[in-house]
Amino acid sequence: MLYLLSELSGVFSPLNVFRYITFRTGGALFTAGLFVFWFGPWIISLLRLRQGKGQPIREDGPQTHLLTKRGTPTMGGLMILAGVMVAVLLWANPRNSYVWITVVVTLGFGAIGFYDDYLKVTKQSHKGFSGKFRLGLEALIAVAACIAVAEYSAPGLAYRLAFPVFKEAIVNLGIFWVLFASFVIVGAGNAVNITDGLDGLAIVPVMIAAATFGIIAYLVGNVIYASYLQVNYVPGTGELAVVCGALIGAGLGFLWFNAPPAQIFMGDTGSLALGGLLGTVAVATKHEIVLAVVGGLFVLEIASVIIQVASFKLTGKRVFRMAPIHHHFEQKGWKEPQVVIRFWIIAVVLALLGLATLKLR
């Protein structure tokens, strides 16, 4: 909205600052953070009143969680999404197609997560609705988004997969790119969802990944920087830095209330939406593979669940003491803050590795 004001201004008008992506990214970060911080207590009180007993705690999870986390309200993702949307509507360029594609995926995944949370709270069960049906809905949204991304991409980039580090490595996958990119978006959403099991564990790595992809989006969306770094120039994706800035700001506001001991949980409402947002930005910027590096912590979390289930079904034995892997370390005696902070450190290291791929050419 504010971007449009800059188009109505003169050459030397102060409103020209709204043309700069960096300025609007900072504005989005500050706006989203202030919104969540200001309205957070009211939202938490409302959710606590509506939910009563709060999020049901799994009986087969760590026993300490039954005492420390019972009664905590969930659906905190509503706070994050509200902050992100307010900031994006205020600071992003409304004419940018990539922004709207990302918004649709984020809200679509958020709606699926909200319904899942609603069922869990009302039934007081950790089981939501059918996993297959949920994945099917996510896949439909992701496929539609990927087709839209391909249609708005430059002709030389549509339906193509770019490989990090290798400058000329870009392969035309045709319709298979849609399937692969959709898998990235759905996988990112569910990987963040699996990670969200301890106070503050998911939101900080999400912010770290958002900061990383905000930088990537800005660089690949700028023809000068893209040429210097020898990465594929993707026109229009620079605007996604504003979206990432909004996510960082909303995440900081949410962390104020989610820090141990958490006053509210993100829930599937937030984790699915934020993972979907990151996946969409990665697809739009042609850095799908880099997401596996930057979001390596999320990959590790969901991989631990897959390995655990597969091992138990095939051999009757468990690889980990408990899955996802953050519970494994809890069972080994790590305190919750130790697990969370050490996983944050891993997320930072992986983000730096992801950024390093921009210049390893």
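Residues numbered from 1 in each chain as written. Predicted model: local features only at pLDDT ≥ 70, side-chain atom pairs only at ≥ 80, totals over all residues. Heavy atoms only, no water.

- An unreviewed UniProt entry lists the protein under the name Phospho-N-acetylmuramoyl-pentapeptide-transferase, with Methylobacterium isbiliense given as the organism.
- Quoted verbatim from the Sequence similarities (unreviewed entry) field of UniProt, the annotation for the protein is "Belongs to the glycosyltransferase 4 family. MraY subfamily."
- For the record of the protein, the UniProt heading Function (unreviewed entry) holds the text "Catalyzes the initial step of the lipid cycle reactions in the biosynthesis of the cell wall peptidoglycan: transfers peptidoglycan precursor phospho-MurNAc-pentapeptide from UDP-MurNAc-pentapeptide onto the lipid carrier undecaprenyl phosphate, yielding undecaprenyl-pyrophosphoryl-MurNAc-pentapeptide, known as lipid I." (UniProt positions renumbered as here; feature names shortened; annotations may be inferred.)

1. Side note on the overall build of the protein
Thought 1: Secondary structure assignment for the protein yields 15 helices and two strands.
Thought 2: A burial count over the protein gives 53% of its 361 residues as buried.
Thought 3: A separation threshold of at least 6 residues defines the contact pool for the protein, and within that pool the share at least 24 residues apart is 74%.
Thought 4: When the accessible surface of the protein is totalled, it reaches about 16400 Å², and 71% of it is carbon and sulfur. (Helix = DSSP H or I, 4+ residues; strand = E, 2+ residues; numbered from the N terminus. Buried < 20%, exposed > 50% of the residue type's maximum accessible area, 1.4 Å probe, protein only. Contact = heavy atoms within 4.5 Å. Areas by Shrake-Rupley, 256 points an atom, 1.4 Å probe, with all protein chains shown as cover.)

2. What to know about a nonpolar patch on the surface
Thought 1: A cluster of nonpolar side chains, contributed by Trp38, Phe39, Trp42 and Leu46, occupies part of the molecular surface with about 500 Å² of accessible area.
Thought 2: Relative to the elements of secondary structure, Phe39 occurs in helix H2 (residues 21-51).
Thought 3: Overall, the relative accessible area of 37% leaves Phe39 in the partly exposed class. (Patch = residues over 30% accessible without salt bridge, like charges linked within 9 Å, V, L, I, M, F, W, Y side chains within 5 Å. Salt bridge = Lys/Arg side-chain N within 4 Å of Asp/Glu carboxyl O.)

3. Some points on unusual backbone geometry
Thought 1: Cis rather than trans, the peptide bond between Pro260 and Pro261 has omega equal to -5°.
Thought 2: Counting through the fold element by element, Pro261 comes out in the loop between helix H10 (240-258) and helix H11 (267-284).
Thought 3: Non-glycine residue Lys286 carries a positive phi angle of around 65°.
Thought 4: With respect to the element layout, Lys286 can be found in the loop between H11 and helix H12 (288-294).
Thought 5: With a relative accessible area of 4%, Lys286 lands in the buried category.

4. Concerning the packing of helix H8 (residues 203-220) against helix H15 (residues 336-356)
Thought 1: Running from amino to carboxyl end, H8 crosses H15 at an angle of 15°, the nearest separation of the two axes being 9 Å. With respect to their mutual orientation, H8 and H15 come out roughly parallel. Between H8 and H15 lies a crossing whose hand is right-handed. Residues Val204, Pro205, Ile208, Thr212, Ile215 and Ile216 of H8 form the contact with H15, whose participating residues are Trp344, Ala347, Val348, Ala351 and Leu355.
Thought 2: Classifying every residue of the contact of H8 with H15 gives ten nonpolar, one polar and no charged. (Axes fitted to C-alpha atoms, helices over the stretch in contact; angles between N-to-C directions. Parallel < 35°, antiparallel > 145°, perpendicular 65-115°, else oblique. Left-handed = near helix turned anticlockwise from the far one by under 90°. Nonpolar A, V, L, I, M, F, W, Y, C, P; charged D, E, K, R; others polar.)

5. Here's the deal with the nonpolar core
Thought 1: Of all hydrophobic cores here, the largest spans 96 residues; its most connected members are Ile80, Trp177, Phe213 and Leu247.
Thought 2: Ranked by the residues each element gives to this core, the list is headed by H8, at twelve residues.
Thought 3: With residues up to four places along the chain from it excluded, the contact list for Phe213 reads Cys244, Val281, Ala282, Thr285, His287, Val290, Leu291 and Val294. (Core = buried A, V, L, I, M, F, W, Y, C linked by side-chain atoms within 4.5 Å.)

6. Topic: the packing of aromatic side chains
Thought 1: The final tally for this structure, using the stated rule, is eight aromatic pairs.
Thought 2: Arranged with centres 6.0 Å apart and planes meeting at 70°, the rings of Phe23 and Trp91 form a pair that is edge-to-face. Of the two residues, Phe23 sits in helix H2 while Trp91 sits in helix H4 (residues 77-91), which places them 68 residues apart along the sequence.
Thought 3: Relative accessible area serves as the criterion here: at 10%, Trp91 is assigned to the buried category.
Thought 4: Aromatic rings pair up to connect Phe37, Trp256 and Phe257 into one cluster. (Phe/Tyr/Trp six-rings, centres within 6.5 Å; stacked < 30°, edge-to-face > 60°.)

7. Observations concerning the side chain of Thr357
Thought 1: Looking at where Thr357 falls in the secondary structure, it is placed in the segment after H15.
Thought 2: What makes Thr357 buried here is its relative accessible area of 11%.
Thought 3: Separated by 2.5 Å, the side chain of Thr357 and the backbone oxygen of Gly354 make a polar contact.
Thought 4: Residue contacts for Thr357: discarding those within four places in its chain leaves Pro164, Val165 and Val290. (Polar contact = N/O pair within 3.5 Å; in protein donor to acceptor, adjacent residues only side chain to side chain.)

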